[in-house]
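Structure at a glance
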Amino acid sequence: MLGALVLAMVWLVANVQSNLERQNINSGFGFLSERAGFGINQTLIEYSEDSSFARVLTVGLLNTLLVSVLGIGLATVLGFVLGVARLSSNWLVNKAAMVYVEIFRNVPLLLHIMFWYFGVLRNLPSPRKAVSLGDAVFLSNRGIVVPALEMTAAAWWYGAALAVSTTAYFWLRRRARLLRLADGTAQSIWRPVSMIAMASLAFAALLGGVPFSFDIPALKGFNFRGGITVIPEFVALLLALSLYTAAFIAEIVRAGIQSVSKGQREAAAALGLPDNTALRLVVIPQALRVIIPPLTSQYLNLTKNSSLAVAIAYPDIVSVFAGTTLTQVGQAVEIIFITMMIYLTLSLLTSFAMNRYNARIALVGQKS
Amino acid sequence: MSSWTPTAPRPAPSNTVGFVAWARANLFATKLDTALTLLAFTLVVYVVEAIFGWAIIDASFTGDDRTACLKEVQGACWPFIEAKFGQFIYGRYPDAERWRVDLVFLSGLIGLIPMLMPNVGFKRANMIYLLGFYPIFAFIMLNGGMLGLAMVDTTDWGGLLVTLVVAITGIVASLPLGILLALGRRSDLPIVRALCIGFIEIFRGVPLITVLFMASVMLPLFLPDGINFDKLVRCLIGVALFSSAYMAEVVRGGLQAIPKGQYEAAAALGLGYWKTTHLIILPQALKLVIPGIVNTFIGLFKDTTLVLIVGLFDLLGIVQLHFTDASWATPETHITGYVFAGAVFWLFCFAMSRYSIFMENHLSTDRTSS
Amino acid sequence: MSDPVIRINKMNKWFGNFHVLRDIDLNVAAGEKTVICGPSGSGKSTLIRCINRLEAHQEGEIEVEGVTLDGSLKNLEEIRSNVGMVFQQFNLFPHMTVLENCTLSPIWVQQKSQAEAETLARELLERVRIPDQADKYPGQLSGGQQQRVAIARALCMNPRIMLFDEPTSALDPEMIKEVLDVMVELANEGMTMLCVTHEMGFARQVADRVIFMDEGEIVEENAPEAFFSNPENERTQLFLSQVLTH
């Protein structure tokens with residue numbers, strides 16, 4: 001049987017070679033240093049049409065990471081809020097969260113993306129008739145334009161003020177905790193911290209003046225100049241990914257909190273612990289152990305799902321590399337191999353990290 | 001010794017039961033609670049009003065072309081859906097032959113419904129019908145070209161037909177493949193185990209779209225010049241391989257839950273590996289993970305929409321295609337189309353998730369009672 | 001006689017429309033050991049859970065050491081810091097060590113320092129005879145050991161009243177004695193105890209009074225000798241005959 005398998009593989013490889021020759025497609029990874037010759041409408045690093053395909057790959061990867069990281073952040077926040085809402089004793093809040101979860105997770109993600117992109121964002125008016133929020137933020141079908149932050153020299157003083165306040169906060173917090181452990185006194189640190197913050201801020205203002213100026217976008221001709229433009233493709237993809245994944249995260253959070261048995265809460269209450277202390281010390285640590293593995297799985301899913309960007313031409317890795325570059329260069333085998341390898345690496349790294357974390361926090365003992 | 005009769009129970013005080021008491025506890029328990037209720041209520045009223053207004057009050061229900069949906073305040077454009085409904089379900093399948101598709105749908109349901117009900121018997125015969133006879137029958141019916149049936153090329157298949165074909169083929173193919181992979185992953189032969197783990201981790205670690213690209217673009221390279229793969233078949237292969245990796249993990253969970261004692265008892269009875277696996281282990285393992293299998297199917301069903309990216313017209317794809325019809329071009333056409341497609345998908349997925357919960361409950365009571 | 005430390009007056013409780021506790025009148029004096037028994041569903045667990053308001057009553061009054069249980073948070077906190085509870089399922093916090101389980105409440109509720117709390121915890125662990133398990137996790141202990149930790153944890157609050165909700169019902173038979181021994185010692189040191197249990201031997205040894213409940217009501221209460229040898233009620237007699245088969 002092994003022999004038959006080997007024969008089959010040899011036949012397949014021979015086919016591939018003859019087909020590639022016939023279609024005049026090169027082999028190897030040399031194409032990565034060739035000139036790309038096309039533009040990309042969202043780049044986090046320097047890019048021009050003269051850049052190489054390797055740079056195209058990098059730009060695509062950065063765009064993938066950008067939408068994935070922001071998506072994970074938004075989805076987590078919304079997901080936790082919804083998950084807690086699902087456990088609320090307030091019937092209305094509870095059911096409203098349930099309706100959200102049941103609707104958003106039973107509709108395919110691609111449909112979410114199409115709806116936000118073609119259904120909503122493309123229906124926004126043209127830049128000349130853009131919807132304006134406070135005359136500084138503009139929504140149009142060319143994207144969302146927000147004022148850009150430009151730092152002045154004075155920013156350094158504010159940076160210093162921030163550094164001072166943060167250090168003060170951590171130092172005071174540590175001191176308060178040691179004090180409490182030493183002799184039981186509970187001390188709120190908000191007063192001293194806010195006073196230090198205000199003082200250092202005032203100092204910075206005195207010395208430096210205004211720390212930044214806004215580059216307010218203005219309509220010039222057919223489009224806006226100045227400010228930062230967030231392309232509609234990005235907004236649509238981010239919205240779709242976040243709202244969709246949040247529904248799944250909500251269920252994970254709900255299951256995690258419910259997995260902490262009622263007896264734990266009762267024991268904490270019987271010991272006289274106030275509700276929020278019990279939540280913090282007893283319920284949440286146990287709930288997190290149950291929440292984190294499937295949560296990581298969802299993060300991975302979101303990152304892989306960002307590949308649907310290709311459907312609306314958001315320039316992520318699949319769009320610009322496995323899409324445009326592949327059409328231009330034709331070396332399907334190498335390109336798809338590289339793309340898959342990148343996603344695979346991301347997945348394996350995350351799984352590895354998660355397994356390590358899981359092993360570390362496992363409940364000790366036979367009955368964990 | 002005296003005899004004791006219990007005091008008669010009284011009904012609960014009126015201010016602790018009934019709607020008012022319920023509302024007090026669940027909606028207005030504390031000041032914060034009341035504020036939340038009011039906030040949520042306003043939000044809900046706003047959303048429901050907006051949806052109702054769009055879908056019913058401001059919507060158009062009859063008409064033949066775009067003029068029906070160009071009112072001053074326009075909601076949904078339902079005539080668009082009505083007009084295109086046939087295409088949304090069947091694609092470009094010829095009108096005269098659509099009865100074949102209906103027959104395939106129907107015979108599928110006839111086989112599926114008894115299979116899903118846990119208390120109905122004849123499961124083995126049912127399984128043979130669904131996995132053996134039905135696929136062949138469905139293929140002949142849909143494709144044609146024999147037995148006097150006209151040939152309908154797969155490029156004319158579209159809409160819900162394609163969605164269901166891809167999803168069902170995907171799940172039917174991925175189940176045996178997934179089982180083999182899961183068994184292989186637990187094998188004692190290092191090469192088999194390494195290959196299986198490699199396959200599973202690779203297909204689970206990459207997005208489906210790259211697998212579809214790989215299938216669309218690379219499969220033709222593997223075949224000699226001249227032989228070409230039908231586009232639909234390429235997608236089916238990609239989807240089946242992708243789905244089998246997830247199915248393998250689900251089955252693995254079930255296999256891990258089988259106590260070692262089962263293997264030991266089988267060995268004591270003299271059963272070899274394959275007999276043990278298919279008579280003792282698999283039936284139990286698969287039954288345990290039915291909810292997991294249904295959940296994989298729900299995911300697969302939603303993933304079928306990706307085939308539109310590689311040029312096949314599933315339900316979403318064909319709805320999008322018809323947006324380009326100039327005779328229906330209005331500002332509301334897009335949204336109406338998306339809402340319709342969303343509703344159809346939602347219906348299927350929601351029904352399946354309810355079934356999954358039903359099976360989970362059924363299985364857990366099953367286990368605790370036995 | 002001095003004021004009772006627990007005073008329950010015409011207390012009624014419903015779960016929805018189900019009348020689970022009916023017209024309960026009960027007074028417990030300081031240092032008194034009361035054992036409550038009865039068939040399952042009789043409401044005995046619910047009764048003692050009403051005392052530290054893990055369940056809320058709808059009618060009647062409950063007073064613990066003069067403080068009325070009425071839903072006000074301040075009263076509740078006061079009562080709970082003087083009333084300790086031991087559960088059937090132990091309910092130890094699995095993500096904390098035995099020592100951390102015990103010092104949790106002293107540190108966070110009684111504002112003791114860590115050193116003080118730890119000394120106290122170790123003393124009490126010594127008292128329940130498992131001082132060397134202080135740094136283990138609950139998952140590493142046997143059932144009997146876990147329940148003794150639970151008793152020590154409750155005692156770390158320095159309560160004046162201890163409630164026991166079927167403390168030995170979830171234990172393997174060979175571990176019941178070690179827990180009962182601890183409870184007997186506690187009783188002999190003068191703690192006010194309210195104990196729901198099926199362990200009649202314990203009742204005979206330690207209780208000042210045995211209460212029999214059925215269908216949410218107190219059917220009979222008496223000193224243990226009289227209760228076991230000469231029950232006044234047919235219902236009590238029936239129950240005893242079912243329970244005391246060995």
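A quick note: this is a predicted structure, and the numbers were derived from the prediction, not measured. (Residues numbered from 1 in each chain as written. Chains lettered and ligands numbered in written order. Predicted model: local features only at pLDDT ≥ 70, side-chain atom pairs only at ≥ 80, totals over all residues. Heavy atoms only, no water.)

**A few points about the overall build of chain B**
Within chain B, the secondary structure is distributed over 14 helices and zero strands. Reading the secondary structure of chain B in the N-to-C direction produces α-α-α-α-α-α-α-α-α-α-α-α-α-α. In terms of overall size, chain B is more extended than a compact globule, its C-alpha atoms giving a radius of gyration of 27 Å where 370 residues would be expected to give roughly 21 Å. The 370 residues of chain B split such that 44% are buried. (Helix = DSSP H or I, 4+ residues; strand = E, 2+ residues; numbered from the N terminus. Rg over C-alpha atoms; globule rule 2.2 N^0.38 Å. Buried < 20%, exposed > 50% of the residue type's maximum accessible area, 1.4 Å probe, protein only.)

**A few points about the domain arrangement of chain A**
How big an interface is tends to be stated in terms of the accessible area lost upon association of its parts. Examined at the domain level, chain A breaks down into domain 1 (44-147 + 218-367) and domain 2 (156-209). Computed from C-alpha atoms alone, the centre-to-centre distance between domain 1 of chain A and domain 2 of chain A is 33 Å. (Domains from an automatic or database assignment.)

**Thoughts on the state of the cysteines**
Applying the stated criterion to the full structure yields one disulfide over all chains. A disulfide-free cysteine, B:C235 has its sulfur positioned 19 Å from the sulfur of B:C349, the nearest such atom. Sulfur of C:C195: no disulfide; nearest cysteine sulfur belongs to C:C37 and is 11 Å away. Accessibility expressed as a relative area gives 1% for C:C195, which makes it buried. (Disulfide = S-S within 2.5 Å.)

**Comments concerning the interface of chain C and chain B**
Each side of the interface is counted separately: chain C has 19 residues, and chain B has 14 residues. Carbon and sulfur atoms make up 54% of the surface buried where chain C meets chain B, a total of about 1,400 Å² over both sides. Our count for the contact surface shared by chain C and chain B stands at two salt bridges. Residue C:D23 pairs with B:R10 through a salt bridge whose shortest N-O separation is 3.5 Å. For the pair chain C and chain B, the interface holds three residue pairs in polar contact (both at pLDDT 80 or more). Those elements that place two or more of their residues in the side of chain C that touches chain B are β1 (6-15), β2 (18-28), β10 (217-222) and α9 (234-243) of chain C. For the side of chain C that touches chain B, the residue count by class is three nonpolar, seven polar and nine charged. (Contact = heavy atoms within 4.5 Å. Buried area = accessible area lost by both parts, 1.4 Å probe. Salt bridge = Lys/Arg side-chain N within 4 Å of Asp/Glu carboxyl O. Polar contact = N/O pair within 3.5 Å; in protein donor to acceptor, adjacent residues only side chain to side chain. Nonpolar A, V, L, I, M, F, W, Y, C, P; charged D, E, K, R; others polar.)

**Comments concerning the interface of chain B and chain A**
Taken residue by residue, the interface counts 47 residues in chain B and 44 residues in chain A. Counting each side, the surface lost to burial between chain B and chain A is near 4,000 Å², with a carbon and sulfur contribution of 74%. The largest contributions to the chain B side of the interface with chain A come from B:L221, B:K302 and B:Y338, which together make up 16% of the buried area. For the pair chain B and chain A, the number of links is nine residue pairs in polar contact (both at pLDDT 80 or more).

**Some points on the sheet that holds strand β3 (residues 143-146) of chain A**
Residue and element names in this part refer to chain A. The four strands are arranged β1-β2-β3-β8 in an open sheet whose pairing can be described as antiparallel. Bordering the open sheet on either side are β1 (131-133) and β8 (228-230), each of which pairs with just one other strand. Neighbour to neighbour, the strand axes of the sheet diverge by 20° on average, direction disregarded. (Pairing = 2+ DSSP bridges. Axes fitted to C-alpha atoms, helices over the stretch in contact; angles between N-to-C directions.)

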